[in-house]
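# Understanding the architecture of this molecule
Read off the chains here:
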Amino acid sequence: MSALDAMAAVARGEAPPQLLGACRLEVGGFDAFGIEAIGDAFRHDPVALAGAMIAEDVMNFAAIVEDQGLFADLYDGNIGRLWRAGRPAPHMNEPFVAVPFDPDLRQERGDIEFAGSDHPGLADDADVRVRETGLAILARDPTAWRSRAFCIRAFGTAAHGAALFALYRMSGDRVRVSGFGYAVAIWDGSISRVTLDTVPLPGDRRVRIAG
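My aim in this report is to walk through the structure given alongside it, one point at a time.

Conventions we followed
Residues numbered from 1 in each chain as written. Predicted model: local features only at pLDDT ≥ 70, side-chain atom pairs only at ≥ 80, totals over all residues. Heavy atoms only, no water. Helix = DSSP H or I, 4+ residues; strand = E, 2+ residues; numbered from the N terminus. Buried < 20%, exposed > 50% of the residue type's maximum accessible area, 1.4 Å probe, protein only. Areas by Shrake-Rupley, 256 points an atom, 1.4 Å probe, with all protein chains shown as cover. Expected span 1.5 Å × (residues − 1). Arc of directions from axis to C-beta. Contact = heavy atoms within 4.5 Å. 1 Å grid on protein atoms, 1.4 Å probe; cavity = no way out; pocket = protein on both sides within 12 Å on 5 of 7 lines; lining within 4 Å. Points joined across faces, edges and corners; volume = space filled by probe spheres on them. Nonpolar A, V, L, I, M, F, W, Y, C, P; charged D, E, K, R; others polar. Pairing = 2+ DSSP bridges. Axes fitted to C-alpha atoms, helices over the stretch in contact; angles between N-to-C directions. Salt bridge = Lys/Arg side-chain N within 4 Å of Asp/Glu carboxyl O.

## Digging into the overall build of the protein
Assigned secondary structure in the protein consists of three helices and 13 strands. By residue count, 47% of the 211 residues in the protein fall in the buried class. Element-wise, carbon and sulfur atoms account for 55% of the exposed surface of the protein, whose accessible area totals about 10,500 Å².

Now the structure itself:
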């Protein structure tokens, strides 16, 4: 079974042998861990990958179909981690409190945190494409405050490749909501497609509430 076939099965809510037991899915601020939980999440909200724009190499797989995207880490063809952008959480999240922090880390302003050397599957000529894509994603929401994009996965060349961004944003509403969402981007020649979470979501920096 190819990576595309395995991912298509997972996206339908099935559990192909390539889905590792230790796999983790992140979608809409919700985490699902393990084969059963991931299968349940996709059965509640399946997606068909027929006609999707695809990019893959030996370590990663990315797909964008309509208004949503999938991104996966691959290990010898097996699926070890999954992200889904553009969809809400399939179940109610566990209660927690988001902890404020400085998205610029070193107190230096910067729209994108990205270093091509962190991504072994990314060719040198694709660095500019990743940066341009990240800036274009941030520009989609001009009302958001202190928007930052952290490129956490990228692979391919300037001609064809994909990237996964963690997006930190603070909403422009009167009561501001901050947090992380995700964006998946795929480019093929002059054609680029991007899908992203459209509202700020509580991120990974969590303090859980007992009880």
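So much for the structure itself; the text now carries on.
## Focus: helix α3 (residues 127-139)
Residues separated by three or four positions in an α-helix point in the same direction, a consequence of the helix having 3.6 residues per turn. With 13 residues, α3 should reach 18 Å at 1.5 Å per residue; the first-to-last C-alpha distance of 19 Å fits that figure. What α3 keeps buried is the set R129, V130, T133, G134, I137 and L138. Summarising the axial view, the buried residues of α3 lie within an arc of 170 degrees, below the 170-degree limit, and thus occupy one face. In α3, the exposed positions angled more than 90 degrees off the buried face are occupied by V128, E132 and A139. Packing partners of the buried residues in α3 comprise β8 (112-113), β9 (145-156), β10 (160-170), β11 (178-188) and β12 (191-196).

## Overview of the environment of A166
Take A166: it is sitting in strand β10. Overall, A166 belongs to the buried group, its relative accessible area being 8%. Spatially, the C-alpha atoms of A166 and I152 are 6.8 Å apart, while their sequence positions differ by 14 residues. Beyond its immediate chain neighbours, meaning those up to four positions away, A166 contacts R148, A149, F150, I152, F180, G181 and Y182.

## Structural notes on the side chain of H119
Along the chain, H119 falls in the loop between β8 and α3. Apart from residues no more than four positions distant in its own chain, H119 is found in contact with F114, C151, I152, R153 and A154.

## Considering empty space enclosed by the protein
Applying the stated criterion to the full structure yields two cavities of 30 Å³ or more. Estimated volume of the second largest cavity: approximately 50 Å³. What lines the second largest cavity is simply L25, V27, A41, F42, D45, R84, R87, P88, A89 and P90. Partitioned by chemical class, the residues of the lining of the second largest cavity number seven nonpolar, no polar and three charged.

## Here we look at the sheet that holds strand β5 (residues 68-75)
Strand order in the open sheet formed by six strands is β2-β1-β6-β5-β4-β3, with mixed pairing between adjacent strands. Looking at strand neighbours, the two that pair on one side only are β2 (30-33) and β3 (53-56), the edges of this open sheet. Along the sheet, successive strands turn relative to each other by an average axial angle of 10 degrees, direction set aside. Where β5 lies against strand β6 (residues 78-85), seven bridges are found, and the strand directions are antiparallel. Looking at the pairing, G69 lines up with A85 of β6. Of the strands in this sheet, β1 (19-27), β2, β5 and β6 touch helix α2 (residues 35-44), which is tilted by about 45 degrees from β1.

## Focus: the pattern of salt bridges
Counting across every chain of the model gives seven salt bridges. With a shortest N-O distance of 3.1 Å, D31 and R24 are connected by a salt bridge. D31 sits in the partly exposed class, given a relative accessible area of 28%. Of the residues examined, R24 reaches a relative accessible area of 26% and is grouped as partly exposed. Residues D45 and R84 are paired through a salt bridge, measuring 3.8 Å at the closest nitrogen-oxygen approach. Of this pair, D45 sits in the loop between α2 and β3 while R84 sits in strand β6, and the two are 39 residues apart along the sequence. For D45, a relative accessible area of 16% corresponds to the buried category. One network of salt bridges, with partners in common, ties together R24, E26, D31 and R81.

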